[in-house]
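Chain and residue survey
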Amino acid sequence: MKSEDATVLVLNSGSSSIKFKIFHGRDVFLAGRIEGIGTSPRMVAKAGSGNGEVERKLADDADHGAALEAAFTFLFAQFPNMRVDGVGHRVVHGGTAYAEPVLIDDGVLGDLERLCPLAPLHQPHNLAGIRAVRQTFPKVAQVACFDTAFHRKHPWVNDTFALPRSFFEEGVRRYGFHGLSYEFIVGKLAEIAPDIPDKRVIVAHLGNGASLCAIKERRSVGSTMGFSALDGLPMGTRCGQLDPGVVLYLMQARKMTAEEISDLLYQQSGLKGLSGISSDMRELEASSDPRAREAIDYFVFRIRREIGAMAAVLGGIDGLVFTGGIGENSAHIRALVCRDMDWLGIGMDDAANDENRMRISREGSAVKVLAVPTDEERMIARHTMKLLGLAGCE
Ligand code: ADP
């Protein structure tokens, strides 16, 4: 490790897992995950250099805090020159107040607690990660980076629902998510395609979660995700856009409870529900079952529909960027999305797409189409280093 560069730990904490990456300057020093919290926790970590992997079983009764403490006691013994100068967290919800990353103190933690009802499946676990770090590294400064922050400059018409206005004031509005990914992509575009980020770009983040973002002059002006991470495109297991009348039907006619509806919409729907086979795009692409094809057809149909809507919001587009596990890797989905899109100025270079090149539009296509890997953890590391005044990551 070069001593002048800072070392930052980036955490993404979920209900039963904590994913972590340690950045030393621009380099990934270590990447790993603690999984099975609540059942049978274990930690796996790989050196960023590719040399060496470590694995450790942790105590069965370890909660987030105990698991993190045990995992890092072990890692510090394995990598004696490792240190942690700051910690950055992925936090799903920053509400209306947090439009930028923030240094975490008791006041901020209290604010973030109050946002739990807006993201009950993610926010409490993100906060458990923050508390776990306080327990493990009590002297190290922590920074919260929000999935909602990049969208906070949306025009009002994008963010409101047509409900009585008091609901908007109460916080019932379209927040948008995947903001750290979009922010990373905008920064990357400035390097690899500097003529487009200042114009009109649609970014399609297509992973297990999926959304589109309309970007004008480097700012988000619209997102397909709304109040929750359920809205917009269908996803691995989430339904995407749904008539609220369906929820009323499920409650009134089917007498389903809130927990049952939540499980249906978050865990049993999307590609998994439609195909009855899998939430995983690779499995669906490999399957000959007609239900797998129909699930893909619906996924593609909704992406194309939303691209049309976003192009209308932007008044045309200059760039279309695919990212996320599906967007970065599936030439098939990209080809289906861009088929017959000449009306929008999209001309695909089929060979470049098949070869997974970064630029996949034809020479002369009015819209530049790109496939660009995203890196949300790197974005968090950069924010954390910047906010804490640490050296090393641009
Ligand atoms: P998350 O949203 O959990 O971060 P990812 O961005 O890793 O998820 O995306 C996971 C999705 O990407 C899965 O549906 C997976 O099948 C899909 N995927 C990854 N590689 C490929 C590939 N080569 N072809 C098609 N789909 C792929």
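Residues numbered from 1 in each chain as written. Predicted model: local features only at pLDDT ≥ 70, side-chain atom pairs only at ≥ 80, totals over all residues. Heavy atoms only, no water.

Observations regarding the overall build of the protein chain
Let me state the cut-off plainly: Each helix is a run of DSSP H or I of at least 4 residues and each strand a run of E of at least 2, with the numbering of both proceeding from the N terminus. Residue burial is assigned from relative accessible area. The probe radius is 1.4 Å, only protein chains are included, and a residue is buried under 20% of its type maximum, exposed over 50%, and partly exposed in between. Every residue pair with non-hydrogen atoms within 4.5 Å of one another is taken to be in contact. The Shrake-Rupley method, run with a 1.4 Å probe sphere, supplies the accessible areas, and residue values consider only the shown protein chains as cover.
Each helix and strand in the protein chain was counted, giving 15 helices and 13 strands. Based on the C-alpha atoms only, the size of the protein chain along its principal axes is roughly 60 × 55 × 45 Å. In the protein chain, which comprises 394 residues, the proportion classed as buried is 53%. In the protein chain, 61% of the contacts between residues at least 6 apart in sequence involve partners at least 24 apart. Total accessible area computed for the protein chain in this model is approximately 17900 Å², and 51% of it derives from carbon and sulfur atoms.

Topic: the site of the ligand
Rule in force here: One heavy atom suffices: a residue is near a molecule or strand as soon as one of its heavy atoms comes within 4 Å of it. Two N or O atoms form a polar contact when they lie within 3.5 Å of each other; inside protein one atom must be a possible hydrogen donor and the other a possible acceptor, and for residues adjacent in sequence the pair counts only when both atoms belong to side chains. When residues are sorted by character, Ala, Val, Leu, Ile, Met, Phe, Trp, Tyr, Cys and Pro go into the nonpolar class, Asp, Glu, Lys and Arg into the charged class, and all the rest, Gly among them, into the polar class.
The environment of the ligand is formed by 13 residues, the closest being Asn 208, Asp 280, Met 281, Arg 282 and Gly 325. With respect to the ligand, the side chain of Asp 280 contributes an N or O atom lying 2.6 Å from an oxygen atom. In the model, an oxygen atom of the ligand is placed 3.1 Å from a nitrogen or oxygen of the Arg 282 main chain. If the ligand stood free it would expose 580 Å²; the protein chains cover 70% of that surface. When residues of the shell around the ligand are traced back to their parent elements, those giving at least two are helix H10 (281-286) and helix H12 (324-329). Considering every element that reaches the shell around the ligand, the biggest residue donor is H12, with four residues. Considering only residue class, the shell around the ligand consists of two nonpolar, eight polar and three charged.

Details of unusual backbone geometry
Backbone geometry places His 178, a non-glycine residue, at a positive phi of 60 degrees. By secondary structure assignment, the location of His 178 is in the loop between helix H5 (165-170) and helix H6 (179-192). Phi is positive for Glu 217, close to 50 degrees, though the residue is something other than glycine. Tracing the chain through its elements places Glu 217 in the loop between strand S10 (210-216) and strand S11 (219-223).

Concerning the sheet that holds S11
Defined as follows: Whether two strands pair depends on DSSP finding at least two bridges between them. Working convention: axes come from line fits to C-alpha atoms, limited for helices to the stretch in contact. Angles between N-to-C directions cover 0 to 180 degrees.
Spatially, the five strands line up as an open sheet ordered S11-S10-S9-S12-S13, and their pairing is mixed. Pairing within the sheet leaves two strands with one partner each, and these edge strands are S11 and strand S13 (368-371). On average, each strand axis in the sheet is inclined to that of its neighbour by 20 degrees, with strand direction left out of account. Note that S10 and S11 share four bridges and pair antiparallel. Bridge pairing in S11 links Lys 216 to Arg 219. Across the sheet, helix H11 (residues 290-314) touches strand S9 (200-206), S10, S11 and strand S12 (319-323), and the angle it forms with S10 is around 15 degrees.

Description of the packing of aromatic side chains
Stated precisely, the cut-off is as follows: For this analysis, a ring pair means two rings from Phe, Tyr or Trp (six-membered ring only for Trp) whose centres lie within 6.5 Å, classed as stacked if their planes differ by under 30 degrees, edge-to-face if by over 60, and tilted for the remaining angles.
Enumeration over the complete set of coordinates arrives at eight aromatic pairs. Pairing Tyr 98 with Phe 146 gives two aromatic rings, centres 5.4 Å apart and planes at 25 degrees, and the pair type is stacked. Highlighted residues: Tyr 98 in the loop between strand S6 (86-91) and strand S7 (102-103) and Phe 146 in strand S8 (residues 142-146), separated in sequence by 48 residues. When the ring of Tyr 175 is compared with that of Phe 227, the centres are 6.4 Å apart and the planes differ by 40 degrees; the resulting orientation is tilted.

Some points on the pairing of S13
Side chains Lys 368 and Leu 370 of S13 all project onto a buried face; the interleaved residues Val 369 and Ala 371 project onto the opposite face, where all are buried too. One ladder, built from four bridges, connects S12 with S13; its direction is parallel. When the sheet's bridge partners are listed, Val 321 is paired in S13 with Leu 370.

Some details on the side chain of Thr 136
Mapped onto the elements of the fold, Thr 136 is located in helix H3 (residues 123-136). A distance of 2.9 Å separates a polar side-chain atom of Thr 136 from the backbone oxygen of Ala 132. Apart from residues no more than four positions distant in its own chain, Thr 136 is found in contact with Gly 65, Leu 68, Glu 69 and Phe 72.

Observations regarding the environment of Thr 384
Topologically, Thr 384 is positioned in helix H15 (residues 376-388). By relative accessible area, Thr 384 is classed as buried at 0%. In this structure, the C-alpha to C-alpha distance between Thr 384 and Val 8, residues 376 residues apart in sequence, is 7.5 Å. Excluding anything up to four places from it in sequence, Thr 384 contacts Val 8, Gly 86, Val 87, Gly 88, Val 143 and Cys 145.

As for the packing of helix H1 (residues 64-78) against H3
Applied cut-off: An angle below 35 degrees is treated as roughly parallel, one above 145 as roughly antiparallel, one from 65 to 115 as roughly perpendicular, and anything else as oblique. Crossing handedness is read from the near helix: turned anticlockwise from the far helix by less than a right angle, it gives a left-handed crossing, and turned clockwise, a right-handed one.
The contact between H1 and H3 brings their axes to 8 Å, and the two run at 50 degrees. Here H1 is positioned oblique relative to H3, judged by the angle of their axes. In the packing of H1 onto H3, the handedness of the crossing is right-handed. From H1, His 64, Gly 65, Ala 66, Leu 68, Glu 69 and Phe 72 reach across to H3, where they touch Ala 128, Ala 132, Val 133, Gln 135 and Thr 136. Each residue belonging to the contact of H1 with H3 can be placed in one class, and the counts come to six nonpolar, four polar and one charged.

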